Amino acid sequence: MFCFQCEQTAGCSGCTGAAGVCGKKSVTADLQDELTGALVGLAHACMNNPKTEQTDRIIIEGLFTTITNVNFNDETLREMIAHVREEKGRVVPGCAACMSPCGNTSDYDMKRMWEADEDIRSLKSLILFGIRGMAAYAYHAMVLGYTNEEVNDFFYRALFAVGEDFEMEDLLPLVLETGKVNLTCMEMLDRANTETFGTPVPTEVPLMVEKGPFIVITGHDLYDLKLLLEQTKDKGINIYTHGEMLPAHAYPELKKYPHLKGNFGTAWQNQQKEFASLPAPILFTTNCLMPPKASYVDRVFTTGAVVFPNTPFISSSTDGHKDFTPVIEKALELGGFSNDQHFTGINGGSNVMTGFARNAILSSAGEIVDAVKSGAIRHFFLVAGCDGARAGRNYYTEFVKQTPSDSIVLTLACGKYRFNDLELGNIGPFPRLMDMGQCNDAYSAIKVAVALADAFGCGVNDLPLSMVLSWYEQKAVCILLTLLHLGIKNIKLGPTLPAFLSKNVLNYLVEHFAIAPVTTPEADLKEILG
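Structural notes, computed from the coordinates.

**What to know about the environment of Thr286**
Along the chain, Thr286 falls in the loop between strand 8 (282-284) and strand 9 (300-303). The spatial distance from the C-alpha of Thr286 to the C-alpha of Gly530 is 41 Å, given a sequence separation of 244 residues. Once residues within four sequence positions are removed from consideration, Thr286 is found in contact with Phe64, His140, Thr218, Gly219, His220, Asp221 and Val306. A polar contact is formed between the side chain of Thr286 and the side chain of His220, at a distance of 2.6 Å.

**Let's talk about the layout of surface pockets**
Put simply, the largest pocket is a space of about 860 Å³. Lining the largest pocket are 28 residues, with Arg57, Glu61, Tyr139, Gly304 and Ser316 sitting closest to its centre. Within the residue set of the lining of the largest pocket, elements represented by two or more residues are helix 2 (53-65), helix 3 (74-91), helix 5 (118-143), helix 8 (222-232) and strand 10 (313-314). Per-element accounting of the lining of the largest pocket gives the leading share, five residues, to helix 2. Along the lines of polarity and charge, the residues of the lining of the largest pocket split into 10 nonpolar, 11 polar and seven charged.

**What about the side chain of Thr303?**
Position of Thr303 relative to the elements: it lies in strand 9. Among residues more than four places away in sequence, those in contact with Thr303 are Asp224, Leu283, Phe284, Thr285, Phe313, Ile314 and Lys322.

**What about the pattern of salt bridges?**
Tallied over the entire structure, the rule returns 27 salt bridges. With a shortest N-O distance of 3.2 Å, Glu7 and Arg393 are connected by a salt bridge. With Glu7 in the loop between strand 1 (2-3) and strand 2 (15-16) and Arg393 in the loop between strand 13 (379-385) and helix 14 (394-402), this pair connects stretches of sequence that are 386 residues apart. Classification of Glu7 as buried rests on a relative accessible area of 2%. One salt bridge in this structure joins Lys322 and Asp224, with 2.9 Å as the shortest N-O distance. In this pair, Lys322 is assigned in the loop between strand 10 and helix 11 (325-334) and Asp224 in helix 8, connecting sequence segments 98 residues apart. Since its relative accessible area comes to 7%, Lys322 is described here as buried. Residue Asp224 is classed as buried on the basis of its relative accessible area of 1%. Three or more residues are tied together by salt bridges with common partners; here these are Glu34, Arg85, Lys88 and Asp107.

**A few points about the packing of helix 1 (residues 26-46) against helix 2**
Running from N to C, helix 1 and helix 2 cross one another at 155°; their axes reach a closest spacing of 10 Å. The angle between helix 1 and helix 2 places the two elements in the roughly antiparallel class. Crossing geometry of helix 1 relative to helix 2 is assigned as left-handed. Together, Gln32, Leu35, Leu39, Leu42 and Cys46 of helix 1 and Thr55, Ile58, Ile59, Gly62, Leu63 and Thr65 of helix 2 make up the contact between the two elements. Of the residues in the contact of helix 1 with helix 2, the class split is seven nonpolar, four polar and no charged.

**A look at the sheet that holds strand 7 (residues 260-263)**
Judged by pairing direction, the sheet is parallel, and its six strands sit side by side in the order 7-6-5-8-9-10 without closing on themselves. Looking along the sheet, the strands with just one partner apiece sit at the ends: strand 7 and strand 10. Pairing geometry for strand 5 (residues 214-218) and strand 6 (residues 238-242), over five bridges, is parallel. Residue pairing across strands places Ile217 opposite Thr241, the latter belonging to strand 6.

Calculation notes
- Residues numbered from 1 in each chain as written.
- Predicted model: local features only at pLDDT ≥ 70, side-chain atom pairs only at ≥ 80, totals over all residues.
- Heavy atoms only, no water.
- Helix = DSSP H or I, 4+ residues; strand = E, 2+ residues; numbered from the N terminus.
- Contact = heavy atoms within 4.5 Å.
- Polar contact = N/O pair within 3.5 Å; in protein donor to acceptor, adjacent residues only side chain to side chain.
- 1 Å grid on protein atoms, 1.4 Å probe; cavity = no way out; pocket = protein on both sides within 12 Å on 5 of 7 lines; lining within 4 Å.
- Points joined across faces, edges and corners; volume = space filled by probe spheres on them.
- Nonpolar A, V, L, I, M, F, W, Y, C, P; charged D, E, K, R; others polar.
- Salt bridge = Lys/Arg side-chain N within 4 Å of Asp/Glu carboxyl O.
- Buried < 20%, exposed > 50% of the residue type's maximum accessible area, 1.4 Å probe, protein only.
- Axes fitted to C-alpha atoms, helices over the stretch in contact; angles between N-to-C directions.
- Parallel < 35°, antiparallel > 145°, perpendicular 65-115°, else oblique.
- Left-handed = near helix turned anticlockwise from the far one by under 90°.
- Pairing = 2+ DSSP bridges.

Rendered as structure tokens:
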């Protein structure tokens, strides 16, 4: 196997051998490559032949399946590969029987990409990993009935490019276009979520788990949470979010359920410890799934794109309905805690806040502008992105702790668990720490930055705003590409730089966007604030 798509890749260079650091076996990694190669072949077939909504769905689901910590099941990967090839056979029925095959629609051998010139490999990796992350957002929007032809068409063009012998000058524009299209995709998902579940409002979320039966739901899929809340209504079962599901508490159409009680646990990389003695089932709706330990594997359920061998999978009907009866029965069987359990965040806090999406912040835009002009607010920090297990991520905790009292810290995605239970106080009516939501809510952060720039009559790069980002998997890649597409400069990225960035590609990013690795909180704050 060869895989270097996530931040924890072995030796900051790539996972090889029998298994990856994430836990996937070499056979699984090879099947994911085979699936990607089949998707490239399908994309080639569709360049001169009509696709359908079914083709789009297969492309999106196939790309989402190959994201880190989504699918560990070799059997379902083989089924998906077969499904992709069947669809290609429908699109170009004559190719299979052709006596003189041209090879234009053949599956792509991913070894060609992994063994290519390092700069070509680097640029193709940015495109491929970017559309994998984008596909996750397109999938969640699609579940809610929202699609976008610009986004769907780009998946085909990007996959086509992965399979072609393009040069750097051909690939560089496509890298930035990946960011452009991802902005459209995030806008679509933002619209899907807000039109379906309402506009998020600032909400305090307790970290206490009440006695009695309960279910923990993790991942990003708000629709799965909605279905679960409906099916557990009046059954004496409480629901607790975990990981990236935390922002669900801020959506009016979800928070109206009284048995949506609070949040359990912290970020994804702590799940093997946090779930070990949990007397409740855990429902995984998206990444990040880690291989379950024997201490709790009997309580793990998966759905959507998430699959793990020998764990119950909740499928959906053609109309999108899911029957969570097995999860509900397991919750009643286990019974939950016999007494209320008071948990804390990483820093000892007993509550966290969420729901500071763009509407919540921009409704006070005038007051914010006045606070900046008066000197009450000196600087904004966007400290956001993925969490992970690699040593050094406490940088983000210390960075936030050391931000000056006249600054505002905006955050989103699961990296916030490093500091979201800190009490930073307020500047006037504004909390100094504002959680804007899930990773896809980077769209909200972008809209806030653009609105503030308009209010001050300057560019985003001229604002008293600094972005200090953490990354782990492919959704972080597509968000980074969106920021680069928008021309955002001076981003600090950590805890390590991506292994798939070649020296020349990294130099290009440094030269054109002044992107830089994080160093120490003290040094970075001194550089930012002067």
